[in-house]
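Overview (structure and organization)
Each chain, written out:
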Amino acid sequence: MSQQVNHRDWRNEVLDLAYAVSSRRFAVLSIFAIAIAGGFVAAWQTEPFYRASSTVVLLPREKPILDMSVQSSSVETSEDAAKRSAAASLTLPPNPDLYTTLIRSSDVAQRVSATLRLDQTVSEKAVPRPTEIRSGLTVEATEEGVMKITMEHGDPVVAAAVVNVIIKECEQASKAIERQLILQQAGFLGEAISRAELKLENTRPRLDTFAQRFGVSDPAVAAARSAAMI
């Protein structure tokens, strides 16, 4: 008793498909023509838009002197071995996330819209609303502090004006942060000076008592003599 195995030939399927398409070529061509015409109509009715962009670089800030680790290095000990660690960094790394959040905030969008209404180069009818500004803005940032701000709008003048105003907002925010760091550092230094003066006043009577008890008239001279002997 013999068994016959039927293998399907892919060439037959291709021929069947080609025959089906050729027999209904008018319907296939009509579908392609309708799709192409629809694409042309959609492209014709779509309003053109312009894209204005600007790239900024955030530089590291000078770290405020708020602790002794900035001024001097520390000493680490382990297993009877001592080593001096490296000094702390004197700069703060750039923070692009802060500016990204600022740019996408509703308050900045409202200020940008209000500023554009006062700009004579921008038509009053073309001034975008805050929601349109937020939807048209795109911010790309890297960890190194490189930021690219892009605005899409139907008017090229408005797109460029929005980007320029956003850059000014970032500059004002940067200056405000710088002033805050300076005031913070000034307050710390003033408090440190006050503590040092108070400590000096409390130490002078003890120094005089020590000098009278042990016969040391000038600690600086005694220290220099000891250093010379060593």
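Scope of this entry: the structure provided in the associated data block. Predicted model, so just to flag it, every value in this text is computed and none were measured.

Observations concerning the overall build of the protein
Along the protein, the regular secondary structure elements total eight helices and seven strands. Scored against the burial criterion, the 230 residues of the protein give a buried share of 18%. When contacts within the protein are restricted to residue pairs at least 6 apart in sequence, long-range pairs at least 24 apart make up 67% of them. When the accessible surface of the protein is totalled, it reaches about 18300 Å², and 57% of it is carbon and sulfur.

Overview of the pattern of salt bridges
Scanning all chains against the criterion turns up four salt bridges. The partner of R111 in a salt bridge is E169, and the shortest N-O contact between them spans 3.2 Å. One end of the pair, R111, is in helix α5 (residues 106-117); the other, E169, is in helix α7 (residues 156-214), with 58 residues separating them in the sequence. Judged by its relative accessible area of 39%, R111 falls in the partly exposed class.

Overview of the nonpolar core
Ranked by size, the top nonpolar core spans 26 residues in total, and within it I103, V112, L116, L137, V162 and I166 carry the most contacts. Residue contributions to this core peak at nine residues, all from α7. Excluding its chain neighbours within four sequence positions, the residues that come into contact with I166 are I103, V108, V112, L137 and I149.

Some remarks on the pairing of strand β6 (residues 137-141)
One ladder, built from five bridges, connects β6 with strand β7 (residues 146-153); its direction is antiparallel. By the bridge assignment, A141 is partnered in β7 with M147. Where β6 hands over to β7, the hairpin turn is made up of four residues, of which G145 adopts a positive phi near 100°.

A closer look at helix α4 (residues 96-103)
All of the buried residues along α4 are P96, Y99, T100 and I103. Down the axis, α4 shows its buried residues gathered within 105° of arc, on one side only. Along α4, exposed side chains directed more than 90 degrees from the buried face belong to D97 and T101.

Here's the deal with the sheet that holds strand β1 (residues 50-57)
Strands sit in the order β1-β7-β6 across an open sheet of three strands; the sheet is antiparallel. With one partner strand each, in any of the chains shown, β1 and β6 form the two edges of the open sheet. Across this sheet, the average inter-strand angle for adjacent strands is 15°, counted without regard to direction.

Here we look at α5
Structurally, the α-helix is built with 3.6 residues per turn, so residues lying three or four positions apart point the same way. Here α5 contains 12 residues, and its C-alpha end-to-end distance of 17 Å stays within 8% of the 16 Å for a straight helix at 1.5 Å per residue. Buried within α5 are the following residues: V108, A109, V112, S113 and L116. All buried residues of α5 fall inside an arc of 135° around its axis, so they share one side.

Notes on the side chain of E169
Look at E169 and you get buried, because its relative accessible area is 11%. Residues contacting E169, with those up to four places away along its chain left out, are L102, V108 and R111.

Quick notes on the side chain of S113
Within the fold, S113 resides in helix α5. Owing to a relative accessible area of 4%, S113 belongs among the buried residues under this scheme. Residues within four places of S113 in sequence aside, it is in contact with V127, P128, R129, P130 and I133.

Calculation notes
- Residues numbered from 1 in each chain as written.
- Predicted model: local features only at pLDDT ≥ 70, side-chain atom pairs only at ≥ 80, totals over all residues.
- Heavy atoms only, no water.
- Helix = DSSP H or I, 4+ residues; strand = E, 2+ residues; numbered from the N terminus.
- Buried < 20%, exposed > 50% of the residue type's maximum accessible area, 1.4 Å probe, protein only.
- Contact = heavy atoms within 4.5 Å.
- Areas by Shrake-Rupley, 256 points an atom, 1.4 Å probe, with all protein chains shown as cover.
- Salt bridge = Lys/Arg side-chain N within 4 Å of Asp/Glu carboxyl O.
- Core = buried A, V, L, I, M, F, W, Y, C linked by side-chain atoms within 4.5 Å.
- Pairing = 2+ DSSP bridges.
- Arc of directions from axis to C-beta.
- Axes fitted to C-alpha atoms, helices over the stretch in contact; angles between N-to-C directions.
- Expected span 1.5 Å × (residues − 1).

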